[in-house]
Structures are given as C-alpha cells and as structure tokens.
Amino acid sequence: MDRVLFKGARLIDPASRTDETADVLVVDGLVQDVGKKLTSSDAEIIDCDGAVIAPGLVDPHVHLREPGREDEETVASGSAAAACGGFTAICAMPNTDPVCDNATVAEKIASRGRAAGLVEVLPAGAITKGLLGEELASIGEMTVSSARVRLFTDDGRGVQDSRLLRRAMEYIKGFDAVCAEHCEEETLSHAGQMNEGEFSSMLGLKGIPSEAEEIALARDLALAHLTGVKFHALHVSTAGAVELIRAAKARGARVTAEVTPHHLVLTDAELVGYDTNYKVNPPLRSSADVEALRVGLADGTIDAIATDHAPHSSEEKETEFEQAPPGMLGLETSLAVVLTEIVGAGVITLPEMVERMSTGPSRVLGLGGHGGPVTPGEPANLVVFDPQGQWTVDPSRFASLSANSPWIGRKLKGAVLHTVFQGRLTLRDGELMQGALV
Amino acid sequence: MIKHLLSIDQLVPDQIDLIMRTADSLREVGTRTIKKVPALRGRTVCNLFFEPSTRTRISFELAAKRLSADVVTFTADAKTSVSKGESFRDTAQTLQAMGVDAIVIRHSSSGAPVLLSKWVDASVINAGDGLHEHPTQALLDLYSIRERFGSFEGLRVGIVGDVVHSRVARSNVKALAKMGAIVTLVGPPTLMPPAVETWGVEVTTDLDEVLPKLDVAYLLRVQTERMNEKLFPTAREYAALWGLDRRRVAMMKPEGLIMHPGPMNRGVEIASNVADLERSIITNQVTNGISVRSALLYLMLGDTAVSDEDSEEDIDG
C-alpha cells in the first residue's frame with residue numbers, strides 16, 4: 001500500500017497556517033498533493049468526513065523502560081502506545097537501566113525504535129553519568145552517534161550542582177543540542193510525596209512546595225542565560241514557574257517549556273484516597289496552578305504538551321503511597337484528555353491544540369519531518385482523529401504493557417482513527433497495524 | 001455503624017456519642033474479676049502492626065478479648081517486610097484468605113489503612129497511619145475529656161507541640177471540632193502543619209499567653225528524630241518555651257486538665273513532677289482506651305452493628 005488518499009477531513013496544519021477541508025494524497029512516504037476534491041485512480045481512498053487530519057503528534061517526554069524494565073514497557077510497546085495515541089515521534093528519557101548516558105545505549109534504543117517501525121524514537125541522553133549528577137555523560141559521542149541525540153536531560157532528577165550544570169550547558173551548546181531539566185531543588189523537596197498545601201497537610205503526606213520547582217527553574221534560566229544554551233523546561237507544574245518562563249521569553253531567552261495533560265487537568269485534591277496512580281513528580285498542584293498553566297498554554301508561554309508517559313508495574317504501584325514510584329501513563333489518553341478537558345473547556349482552540357501537540361514539540365526538539373507542514377514533498381507523518389468520538393478508557397485495550405493510568409474508567413471525547421508514519425498506516429480505524437514498516 | 005474506621009472524617013457527632021455511651025457500659029466490665037463478656041465470641045480480630053507499638057497493640061488486644069473475640073497479632077516492621085519481598089498487598093491477600101472479621105492496622109505510611117480497606121472484606125480499623133490519623137486515640141481522648149467535663153461545647157483545648165508530624169493531632173482536631181470544642185495549636189512554627197489556616201483552628205507560638213484560657217492542655221510527644229532534623233534549636237529551648245512545668249501549671253484554670261498520648265519525654269514537653277499531678281489524666285487515657293476500643297469493636301462487629309437505631313448515617317470511607 002503505497003498510495004493513500006485521505007478524503008474530506010478538516011486539515012489543521014499550523015506550519016502552513018491551514019485550517020480548511022482538504023484531501024491529502026500520500027504517495028511513497030511523502031505528501032504528494034493537498035487540495036479540494038483530489039482524485040487518484042490507483043490510491044486507496046479513506047473517507048475522513050467529520051474528522052481532523054493534522055501533522056502527527058510529537059511527544060518530547062516519554063519513558064520507555066527499555067533497557068532494564070521490559071516488563072513495564074519496551075521501545076516496541078511504547079511505540080505501539082504512541083501510534084495508538086496519534087503520535088509519530090517520541091523522545092525517550094534516559095533513565096533506563098543501564099542509563100542512556102553513552103552512544104551504545106542511545107544507538108540501541110534508536111535501533112529498537114526503527115525495528116518497531118511505528119513512530120520515530122528519539123533517545124534523549126543523560127547530562128551526567130548514571131544520572132548521578134557528578135560528572136558529564138558522553139554528550140558529544142551521543143550527538144554524533146547514529147542515534148543523533150539532540151536533547152540532554154537527567155529527567156527524574158535535576159542536576160543539583162550548579163557548576164556542573166553550567167559546564168554541561170556550555171558543552172551541550174557546542175553541539176547545538178537542547179538542555180532539558182526536571183526542575184527540582186532536592187534539599188527543599190526532600191522526601192516529599194505530593195504538593196505541599198491543604199491536602200498534604202490533611203493527608204499526612206510530606207509536601208513538595210512549588211518553590212522547589214521554581215528555585216531550580218530560576219537557577220536554570222540564569223545559567224541558560226549565562227551559557228546561551230537552548231533550554232527546555234520539562235513538565236512545568238506551578239504558577240510561579242509559568243511566570244518565570246514568561247519573563248524569560250519576554251527577555252528573548254532561547255527557552256521552551258512543556259506541560260503534561262495531567263498537570264493541566266488534575267489537582268492535588270485527587271490524592272484523597274491515596275490512589276498511587278495520581279502520584280507523579282512534579283506532583284499534581286493546586287487549582288490556582290492549574291489555572292495558571294492553562295493561561296500559559298493558551299498565550300504561548302508553554303510551547304508543548306508532553307505526556308511524561310511513565311509506565312509502572314502493578315506490583316510497584318499497588319503499595320503504600322510512600323513506597324510507590326511516581327509516574328502515570330499518558331500516550332494513549334493524551335489527545336482525548338486534552339480535547340475533552342482543555343479544548344472542550346475553551347482554553348485553547350483545536351488548531352492551537354495541534355500546534356501545542358505537534359508543531360510546538362517538533363520545534364522544541366529541532367525535529368524535521370514532523371509537526372508539518374502538510375504540503376507536497378514533505379514526509380507523510382499524520383494523524384486523523386474524530387474530535388467528537390466518545391470512548392471509555394479501558395486498560396485491557398492499552399498497547400502499553402502497564403496500566404497505571406488515573407483516567408481508567410473515564411469517558412473521553414476525541415478518538416484517534418488513523419496514524420500515518422512515513423507514509424504508512426500504523427493505526428487504522430483505531431486498530432494497531434502490527435509491523436507496519438517491517 | 002461504619003464498616004471501616006479510617007479517619008475521624010467518617011464519624012458524625014451522633015456516632016461519636018454512641019461510641020461514648022457504649023464505652024460507658026463496657027467500662028464496668030473492666031472492673032469485674034472476670035473481665036469478659038461474650039459479645040464477640042467466635043469473631044476474629046487481627047492486629048496488624050507494621051510499626052512497633054506496645055501500648056496501642058495491647059490496648060486493642062485487651063479490648064477485643066474483653067468481648068471474647070479471638071485475637072491474632074501480626075507484627076512486622078514495614079521495612080523488614082519489604083526487604084523480605086512480601087508486599088503489603090500480599091499480606092492483605094493472605095489475611096483476606098484467612099477470613100478475619102476485623103483488621104486493626106498500625107503502619108508508618110499515611111493512607112495504608114485506606115488501601116487495605118480496598119483489598120479486604122474485613123472491617124479495617126486505623127490504629128495510626130504515618131502522619132495521617134489515629135482515630136481511636138482521638139475517641140479515647142474525647143471520652144477522657146467527657147469524663148471530667150460532661151460535654152465538649154465551648155471547651156478550649158490547646159494542642160501543644162509537634163502538630164505537623166502528629167496523627168494524634170490530626171484526629172483530635174477533627175474530633176474536637178465536630179463535638180463543639182475550640183482548638184488552639186501551640187508550638188514552634190516549624191512544627192505547625194502547612195496550610196494550617198485551612199484547619200479551622202487558632203494557632204499561636206505563645207504558650208504562656210494561651211494557657212490561662214485552656215480547659216485542656218494536650219501535650220504531644222517531641223520525637224528524638226525531630227530534634228535531629230533541626231526543626232528547633234535544642235531540647236532545652238523547646239522545654240523552656242513549650243514544655244509544661246510547674247510554673248506554667250500554676251497559670252492554668254484550677255480545673256484545667258493535662259493530657260498526653262504517650263509515651264512521654266519527661267523533661268522535654270512535660271516536666272516529671274507535672275506528669276504525676278492529679279489534674280494530669282494521662283493514665284486515665286490509657287484505661288479509657290480499652291473501653292472505647294471495645295465499644296468500637298462491639299458497634300462495628302457485634303450483632304447490632306448494622307441495625308443500630310442510633311446510627312442513621314452509614315458513611316463509608
């Protein structure tokens with residue numbers, strides 16, 4: 001199947017400033033034509049009436065657990081979850097075992113991604129060896145490796161040592177890569193389990209104050225200014241952090257930021273009941289923070305929506321709250337959660353959503369071939385979704401190997417119909433095409 | 001009555017009243033030569049203690065045995081248990097398979113009883129979870145206050161000391177407020193909980209200022225590990241500013257009570273010669289603990305548990 005004609009969808013393509021009904025003809029991995037009433041005698045025709053066609057979603061922040069915890073997720077299962085969620089590119093965080101702090105591990109993850117053939121898997125490299133925050137990882141080798149690592153982070157932790165982070169930023173800048181930080185001042189967040197506030201106080205769980213994120217972010221922005229590195233703030237969660245990013249952008253800093261669907265929708269009130277599926281880091285914050293994140297998303301302070309897809313086994317999650325690792329799944333629910341709760345609430349428009357979930361994250365990653373434009377000659381990485389399609393989140397339908405999702409049982413509006421990666425359908429009518437490229 | 005007791009939040013004042021009145025009837029049993037009634041004969045209560053606690057465990061054991069329940073005790077350090085490889089979930093499933101009627105759980109992790117209640121059919125009673133709650137301690141404290149004052153309306157209770165790390169304080173603040181008492185938290189600012197303004201209580205650092213107004217001075221234990229966390233400069237400074245000594249007792253109302261959940265740090269939060277005063281009802285609290293816990297077990301597990309006319313509201317956790 002080399003020629004497919006998507007008929008009658010609403011084409012939303014922020015990169016070409018397009019929002020109109022248009023047919024898209026895909027031939028041999030590329031968009032061949034875009035226009036009204038296209039015909040093709042030998043292409044398969046897929047009727048997309050009432051659906052949206054857009055550049056494939058891009059997730060700058062996922063955890064694939066391979067190597068190390070292949071019982072929780074693999075590059076292949078994570079790629080499948082991504083395809084089901086409408087993604088065509090994902091950036092895999094380096095906190096695997098062994099850590100992705102060298103070219104060998106990075107190339108392994110990238111080659112597993114190519115073998116799965118469902119999405120583009122971009123390994124992120126560690127900033128420090130073993131994520132220990134002590135000495136620089138092999139940043140240069142990773143960038144020039146066949147994995148072409150372009151984003152470096154110690155995600156899961158921030159680099160605590162300011163002098164080391166300064167050196168890392170200078171070094172990363174030399175390779176024109178992105179320095180991304182999980183902003184957390186660990187002496188302040190020490191032993192914290194959830195957002196500090198009314199609910200942590202009531203539940204008797206140690207709190208993580210917003211300031212633990214904001215102090216780290218303020219320092220990082222200062223160092224990014226000092227070094228001139230391209231800086232990306234991972235999973236921004238507080239009102240103060242949004243304000244810091246906004247101010248940095250107003251100064252013209254080379255800074256980008258992402259927010260997760262869960263931080264845009266859920267608050268620390270969800271922790272009543274001690275359900276460990278709501279335990280994430282940074283923690284779910286207050287309703288005032290949620291409101292500020294939504295404003296930041298709408299006004300462009302926040303560039304991208306990222307899932308922070310973090311699979312964990314049920315053994316790890318079905319335990320005492322303090323013992324449970326932080327993290328929740330996101331790839332297979334992200335689009336629907338954002339459509340239902342954020343677009344549905346009028347926070348952003350549908351085209352803005354496509355921008356924040358595809359074009360924006362591509363820009364963050366400096367990634368060509370994704371995020372549009374959907375114009376002739378460009379790689380065909382596309383998603384087709386029904387913004388009105390209702391479904392109930394059911395873990396038995398997850399392509400992910402894990403099920404730690406707080407959205408289970410929720411009715412959501414917004415269903416992914418087809419995902420096209422490099423011109424091939426990886427998801428068709430909501431069903432995964434196994435080995436689409438292989 | 002309720003199926004589980006996980007938090008004071010689950011109880012309405014009428015239910016607390018019922019527990020108090022039932023404890024009145026059961027207290028008499030403790031004064032007999034044969035300290036036993038057959039109310040829970042054939043029922044099994046499991047004491048599941050993941051944190052060392054002699055006092056609470058023995059109190060629950062006596063409470064259940066006075067009602068003729070069979071009592072089994074499972075003690076495991078939460079950390080040892082984890083290192084042995086058996087998860088909390090597996091322990092719960094084991095107890096579920098053994099078919100006990102009630103599980104009294106003490107755990108170092110906040111929320112552990114809530115999780116347990118989702119995994120087993122037995123009634124779950126929270127005997128202290130992390131920094132969260134210790135509802136039966138609050139009930140026995142209410143009972144001890146009621147014994148002296150008859151009611152709670154308008155009583156002023158000062159809870160003094162390490163509130164932020166105290167499950168006793170969380171349960172007592174809720175229980176006292178429900179019953180109409182006015183609570184003031186007193187202590188070093190570093191031992192007050194975050195967002196304390198949402199607790200609906202008064203807060204002060206000045207014990208001397210508040211002490212003359214109090215009907216009850218409830219002192220919390222200052223744990224040695226808090227001293228190591230540098231939450232206040234020294235034990236000596238703590239004792240000087242927030243310790244209850246004879247000089248401060250003299251400032252109290254003549255009928256003002258002194259309470260403590262135990263175990264005490266004599267010389268830190270309470271002077272040794274104060275702990276043994278007549279107005280200090282610390283040992284009464286211990287005695288009352290058995291009657292109150294008996295009452296609770298009786299109401300939750302006895303034949304009247306479901307149909308009791310006084311419990312119209314069935315609030316489930």
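Residues numbered from 1 in each chain as written. Chains lettered and ligands numbered in written order. Predicted model: local features only at pLDDT ≥ 70, side-chain atom pairs only at ≥ 80, totals over all residues. Heavy atoms only, no water.

With that settled, consider the pairing of strand β10 (residues 178-181) of chain A. All names here are of chain A. Burial of the side chains of β10 extends over both faces: Val-178 and Ala-180 are buried on one face and Cys-179 and Glu-181 on the other. One ladder, built from two bridges, connects strand β9 (residues 151-152) with β10; its direction is parallel. When the sheet's bridge partners are listed, Leu-151 is paired in β10 with Val-178. Taken together, β9, helix α4 (residues 162-174) and β10 constitute a β-α-β crossover, and its handedness is right-handed. (Buried < 20%, exposed > 50% of the residue type's maximum accessible area, 1.4 Å probe, protein only. Helix = DSSP H or I, 4+ residues; strand = E, 2+ residues; numbered from the N terminus. Pairing = 2+ DSSP bridges. Right-handed = clockwise from strand over helix to strand, strands pointing away.)

Moving on: the packing of aromatic side chains. All names here are of chain B. For the structure on display, the rule yields seven aromatic pairs over all chains. Ring centres of Phe-50 and Phe-74 lie 6.4 Å apart, and the angle between their planes is 50°; on these two criteria the pair is classed as tilted. On the criterion of sequence distance, the pair formed by Phe-50 in the loop between β1 (44-49) and α2 (54-66) and Phe-74 in strand β2 (residues 70-75) is long-range, its members being 24 residues apart. Judged by relative accessible area, Phe-74 falls into the partly exposed class, the value being 28%. Consider the rings of Phe-88 and Trp-119, whose centres lie 5.4 Å apart with planes at 65°: the pair is edge-to-face. In this pair, Phe-88 sits in helix α4 (residues 88-98) while Trp-119 sits in helix α5 (residues 112-119), placing the two residues 31 residues apart along the sequence. For the pair Phe-88 and Trp-119, a shared accessibility class is recorded, and that class is buried. Taken together, Phe-50, Phe-74, Phe-88 and Trp-119 form an aromatic cluster joined through their ring pairs. (Phe/Tyr/Trp six-rings, centres within 6.5 Å; stacked < 30°, edge-to-face > 60°.)

Turning our attention to the interface of chain B and chain A. Counting from both sides, the interface comprises 22 residues of chain B and, opposite them, 18 residues of chain A. Both faces combined, the contact of chain B with chain A buries some 1,600 Å², and carbon together with sulfur accounts for 54% of it. Summed over the three residues of chain B that lose the most area to chain A, namely B:Ser110, B:Leu115 and B:Pro194, the buried surface amounts to 25% of that side. At the junction of chain B with chain A, the criterion picks out one salt bridge. (Contact = heavy atoms within 4.5 Å. Buried area = accessible area lost by both parts, 1.4 Å probe. Salt bridge = Lys/Arg side-chain N within 4 Å of Asp/Glu carboxyl O.)

Glancing now at the domain arrangement of chain A. The extent of an interface is frequently quoted as the accessible surface area lost upon association of the parts. Residue and element names in this part refer to chain A. Each assigned domain of chain A is listed with its residue range as follows: domain 1 (3-53 + 377-432) and domain 2 (55-365). For domain 1 versus domain 2, the distance between C-alpha centres works out to 25 Å. On the domain 2 side, the residues contacting the 36 residues of domain 1 number 49 residues. For the pair domain 1 and domain 2, the two sides together bury roughly 3,300 Å², of which 69% comes from carbon and sulfur. By the criterion of area lost to domain 2, the three top residues of domain 1 are Asn-404, Trp-407 and Phe-421, representing 21% of everything that side buries. Along the contact surface separating domain 1 from domain 2 lie zero salt bridges. On the surface where domain 1 and domain 2 come into contact, there are 13 residue pairs in polar contact (both at pLDDT 80 or more). (Domains from an automatic or database assignment. Polar contact = N/O pair within 3.5 Å; in protein donor to acceptor, adjacent residues only side chain to side chain.)

For the rest of this paragraph, the subject is the domain arrangement of chain B. Residue and element names in this part refer to chain B. Structurally, chain B comprises domain 1 (8-133 + 285-316) and domain 2 (135-282). The C-alpha-based centres of domain 1 and domain 2 are spaced at 25 Å. With both sides pooled, the region where domain 1 packs onto domain 2 buries about 2,700 Å², and carbon together with sulfur makes up 57% of that total. The interface formed by domain 1 and domain 2 includes five salt bridges. Notably, a salt bridge pairs Arg-146 with Asp-24, separated by 2.8 Å at the nearest N-O pair. Connecting domain 1 to domain 2 are 18 residue pairs in polar contact (both at pLDDT 80 or more). Of all elements in the fold, only α1 (13-27), α2, β3 (102-107), β4 (123-129) and α13 (282-301) reach the threshold of two or more residues within the side of domain 1 that touches domain 2. Its residues assigned to classes, the side of domain 1 that touches domain 2 comprises 13 nonpolar, eight polar and eleven charged. (Nonpolar A, V, L, I, M, F, W, Y, C, P; charged D, E, K, R; others polar.)

On to the environment of A:Pro261. All names here are of chain A. Summarising the element assignment, Pro-261 is placed in helix α9 (residues 261-265). Exposure remark for Pro-261: the relative accessible area of 7% places this residue in the buried category. Sequence-wise, Pro-261 and Asn-277 are 16 residues apart; in three dimensions their C-alpha atoms are separated by 14 Å. Those residues in contact with Pro-261 that sit more than four places away from it in its chain are Ile-305, Ala-306, Thr-307, Ser-334, Val-337 and Val-338.

Here we come to the sheet that holds β9(A). Within a sheet, each strand pairs with its neighbour through backbone hydrogen bonds, oriented either parallel or antiparallel. Residue and element names in this part refer to chain A. Taken in spatial order, the five strands line up as β9-β10-β13-β14-β15 in an open sheet, and their pairing is parallel. Edge positions in the open sheet fall to β9 and β15 (304-305), since each of these has one partner strand only. Of the pairings in the sheet, the one linking β10 to strand β13 (residues 230-233) comprises four bridges and is parallel in character. Looking at β13, one finds that Glu-181 is bridged to Ala-233.

Okay, a nonpolar patch on the surface next. The grouping of A:Val144, A:Tyr171 and A:Phe175 at the surface amounts to a nonpolar patch, some 300 Å² of accessible area in total. Inspection of the secondary structure puts A:Tyr171 in helix α4. (Patch = residues over 30% accessible without salt bridge, like charges linked within 9 Å, V, L, I, M, F, W, Y side chains within 5 Å. Areas by Shrake-Rupley, 256 points an atom, 1.4 Å probe, with all protein chains shown as cover.)

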